[in-house]
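These are the residues of each chain, in order.
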Amino acid sequence: MTPETPIEFTVSPESGTMVEDSPVSVEVSFTPYEYGKSKTSGRLVIQTDDMQWMYTIKGSSPKYIPPQGASSIREQQELPEEVKQFMAQAPGKRDQKNYVRMNLKADLHHKEK
């Protein structure tokens, strides 16, 4: 592999001896570390005293297929009654607090001491 080839690609064996007129097996693996990258490519170089072969290799992530069906966990969970009542309230009626303002006031009060 060339130095600029991403680490997601590996080759085995990394080095070895090629015998003339004998087949050689080389295994290239692609293990993506980030999900969602559409395609990644690198370069494989096989070099002998007489010849050099360069291959562009491409790796791609499998298509994401989201799970289907209903979750059995949600069906088994029951919210406490006070949480249900709180969620039933209109958003404007919930106790709204500006925590940033409260923290700034507390910080100013602390600095004055």
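In what follows, the accompanying structure is described. Everything numeric here is computed off the predicted structure, so don't read it as measured data. (Residues numbered from 1 in each chain as written. Predicted model: local features only at pLDDT ≥ 70, side-chain atom pairs only at ≥ 80, totals over all residues. Heavy atoms only, no water.)

1. Describing the overall build of the chain
Rules: Runs of H or I in DSSP of at least four residues are treated as helices and runs of E of at least two as strands, each being numbered from the N terminus. A 1.4 Å probe rolled over the protein chains alone gives each residue an accessible area, and that area as a share of the maximum for its type sets the label: buried under 20%, exposed over 50%, partly exposed in between. Throughout, a residue-residue contact means that at least one pair of heavy atoms, one from each residue, lies within 4.5 Å. A 1.4 Å probe and the Shrake-Rupley method give the accessible areas. Residues count as covered only by the protein chains that appear here.
Secondary structure assignment for the chain yields 3 helices and 4 strands. Here the chain, with 113 residues, has 10% of them falling under the buried criterion. Summarising the internal contacts of the chain: among those between residues at least 6 apart in sequence, 41% fall at separations of at least 24. Carbon and sulfur atoms make up 52% of the accessible area of the chain, which amounts to about 10,700 Å² in all.

2. Brief notes about the packing of aromatic side chains
Heads up, the rule is: Note on aromatic contacts: the rings of Phe and Tyr and the six-membered ring of Trp form a pair at centre separations within 6.5 Å, being stacked when their planes are under 30 degrees apart, edge-to-face when over 60 apart, and tilted otherwise.
This model, assessed by the stated rule, comprises 1 aromatic pair. When the centroid spacing of 4.9 Å and the interplanar angle of 40 degrees are considered together, the rings of phenylalanine 9 and phenylalanine 30 count as tilted. Placement of phenylalanine 9 in strand β1 (residues 9-12) and of phenylalanine 30 in strand β2 (residues 27-30) is noted, with a sequence separation of 21 residues between them. You can call phenylalanine 9 buried: its relative accessible area is 6%.

3. Brief notes about the layout of surface pockets
As a reminder of what qualifies: A 1.4 Å probe that fits into a set of points on a 1 Å grid over the protein atoms alone but cannot get out defines a cavity; an open set with protein on both sides within 12 Å along at least five of seven lines defines a pocket, and lining residues are those with an atom within 4 Å of a point. Grid points are joined across faces, edges and corners, and a volume is the space filled by probe spheres set on the points. Polar here means any residue other than Ala, Val, Leu, Ile, Met, Phe, Trp, Tyr, Cys and Pro, which are nonpolar, and Asp, Glu, Lys and Arg, which are charged; Gly is therefore polar.
If you add up the space inside the largest pocket, you get close to 570 Å³. If you trace the largest pocket, you find 23 residues lining it, with Gly16, Met18, Ile46, Gln47 and Thr48 closest to the centre. Per-element accounting of the lining of the largest pocket gives the leading share, 4 residues, to strand β3 (residues 39-47). When the residues that make up the lining of the largest pocket are grouped by side-chain class, the tally is 12 nonpolar, 6 polar and 5 charged.

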